Amino acid sequence: RSCPIAPRLSKAMLRAGSSRRLEMIALSAATIDKGVAVALLTPMTLAEAKLLGRRFGLADICEVTPIPHGSVNSNFRVATADGRRFFLRVCEESSLSEVAQQNRLLARLVAGGVATVAPLPLVDAPGSVAVHREKPAAAFAFRPGSWICQQRVTSEHVRRVGEAVATIHLAPVSASDIPVSRFG
């Protein structure tokens, strides 16, 4: 479906500055409206997905599908021979240590009752971050969902998001658990 707000956002973002980051966000917003894949900056072949999956104990990956949403990371859904699905994230802008800290925070949030998925641990080394084409990569159980255009968001969607955000704020994490990021 078309999302009429996307082209307006892309033009506004382009006027805001000329950095590569803003251009990428603008391209993402504009291409969503046309149904074109976005945020697939680092490709992944089936052979590469199998190699990466083995690092996380997923020895039987038989399918890899790029997920064409997002603006920063390259994301992929993989399926195993027994029908299980997983999410592989290639981090385009974060270092190995930053992704490791993000993954530790996710694991703490899950332990605190937040309805999200924890990163899968590596089976051949400590931690939960591998490398794909010289970039940090993580694996998670796949949670299906759908893309909702901003114009189609209802008050029920907003209420449910508010409840989810509240659980994050109530989770037992300390300031030292929260990674430093460009968002402050």
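Further up the page is the structure itself.
This text gives an overview of the structure that appears in the document. Computed from a predicted model, the values in this text were never measured in an experiment. (Residues numbered from 1 in each chain as written. Predicted model: local features only at pLDDT ≥ 70, side-chain atom pairs only at ≥ 80, totals over all residues. Heavy atoms only, no water.)

1. A few points about the nonpolar core
Judged by nonpolar contacts, the single largest core of 17 residues is most densely connected at M44, A49, L52, F56, V78 and L88. Within the residue set of this core, elements represented by two or more residues are α3 (46-55), β1 (61-66), β2 (74-80), β3 (85-90) and β5 (135-141). In terms of residues, this core owes the most to one element, β3, which gives three residues. Those residues in contact with L52, other than ones at most four positions away along the chain, are M44, L88, A130, V131, H132 and A137. (Core = buried A, V, L, I, M, F, W, Y, C linked by side-chain atoms within 4.5 Å. Buried < 20%, exposed > 50% of the residue type's maximum accessible area, 1.4 Å probe, protein only. Helix = DSSP H or I, 4+ residues; strand = E, 2+ residues; numbered from the N terminus. Contact = heavy atoms within 4.5 Å.)

2. Notes on helix α4 (residues 96-111)
With 16 residues, α4 ought to run about 22 Å at 1.5 Å a step, and its terminal C-alpha atoms sit 23 Å apart, in line with that. Taken as a whole, α4 has its buried residues at V99, N103, L105 and L109. In a view along the axis of α4, the buried residues occupy a sector of 160°, so they form one face of it. Turned more than 90 degrees away from the buried face of α4, the exposed residues are S97 and A111. (Expected span 1.5 Å × (residues − 1). Arc of directions from axis to C-beta.)

3. With respect to the side chain of S128
Examined against the element boundaries, S128 turns out to sit in the loop between α4 and β4 (130-132). In terms of polar contacts, S128 uses its side chain to reach the side chain of N103, at 3.0 Å. Once residues lying within four places of it in the same chain are set aside, the contact partners of S128 are F56, N103, P119, L120, P121, L122, A137 and A138. (Polar contact = N/O pair within 3.5 Å; in protein donor to acceptor, adjacent residues only side chain to side chain.)

4. Digging into the sheet that holds β3
If you walk across this open sheet you meet the five strands as β1-β2-β3-β5-β4, and the pairing is antiparallel. Unpaired on one side and paired on the other, β1 and β4 mark the two borders of the sheet. Taken over all neighbouring pairs, the strand axes of this sheet differ in orientation by 35° on average, direction set aside. Alignment of β1 against β2, held across five bridges, turns out to be antiparallel. By the bridge assignment for β2, V64 is matched with V78. Sitting on the sheet, α3 touches β1, β2, β3, β4 and β5, and the angle it makes with β1 is about 110°. (Pairing = 2+ DSSP bridges. Axes fitted to C-alpha atoms, helices over the stretch in contact; angles between N-to-C directions.)

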